[in-house]
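Descriptive analysis of the structure
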Amino acid sequence: MPEVKCTVTECTFNSDVKCGAPMIQVDRNGSASAVKSDETKCETFKRRG
Ligand code: SF4
């Protein structure tokens, strides 16, 4: 997987503002056909702690 920069530091997979998960899943976020990046979301997010 390419390096993924991610500022969601409260995610359990985040380390030094990068994603450490071996694979992530990104889905549409409430849109049938995304037009902008805010219509996508990281489904792999898991709250730290
Ligand atoms: S799983 Fe998603 S939210 Fe969590 S660090 Fe990786 S890219 Fe960010």
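Structure shown above.
The present account deals with the structure reproduced in this document.

Here is what the cut-offs are and how they apply
- Residues numbered from 1 in each chain as written.
- Predicted model: local features only at pLDDT ≥ 70, side-chain atom pairs only at ≥ 80, totals over all residues.
- Helix = DSSP H or I, 4+ residues; strand = E, 2+ residues; numbered from the N terminus.
- Buried ≥ 20, exposed ≤ 12 C-beta atoms within 10 Å, placed from the backbone.
- Contact = placed C-beta atoms within 7 Å.
- Near = placed C-beta within 6 Å.
- Nonpolar A, V, L, I, M, F, W, Y, C, P; charged D, E, K, R; others polar.

On to the overall build of the protein chain, then. A count of helices and strands for the protein chain gives 0 helices and 4 strands. Reported as C-alpha extents along the three principal axes, the dimensions of the protein chain are approximately 30 × 25 × 15 Å. In the protein chain, buried positions account for 2% of the 49 residues. Partitioning the intrachain contacts of the protein chain with sequence separation of at least 6 by distance along the chain shows that 22% fall at a separation of at least 24.

With that settled, the discussion passes to the site of the ligand. Taken together, Val4, Cys6, Val8, Cys11, Phe13, Asn14, Cys19, Ala21, Ile24, Cys42, Thr44 and Phe45 make up the full set of residues adjacent to the ligand. Counted by class, the shell around the ligand contains 10 nonpolar, 2 polar and no charged residues.

Its identity as a non-glycine residue notwithstanding, Asp16 has a phi of 55°, on the positive side. Assignment of secondary structure puts Asp16 in the loop between β1 (14-15) and β2 (18-19). Overall, the presence of 7 C-beta atoms within 10 Å leaves Asp16 in the exposed class. In the Ramachandran plot, Val17 falls in the positive-phi region, its phi being about 60° despite a non-glycine side chain. Looking at where Val17 falls in the secondary structure, it is placed in the loop between β1 and β2. The class for Val17 is exposed, based on 10 C-beta atoms found within 10 Å.

Tracing the backbone through its elements, the reader meets Val8 in the segment before β1. Sequence separation between Val8 and Lys41 is 33 residues, and the spatial gap between their C-alpha atoms is 12 Å. Excluding residues that lie within four positions of it along the chain, Val8 makes contacts with Asn14 and Phe45.

Along the polypeptide, Ser37 turns up in the loop between β3 (26-28) and β4 (40-42). The exposure class assigned to Ser37 is exposed, which follows from the 9 C-beta atoms found within 10 Å. On a C-alpha basis, the gap between Ser37 and Asp16 in space is 23 Å, while along the polypeptide they are 21 residues apart.

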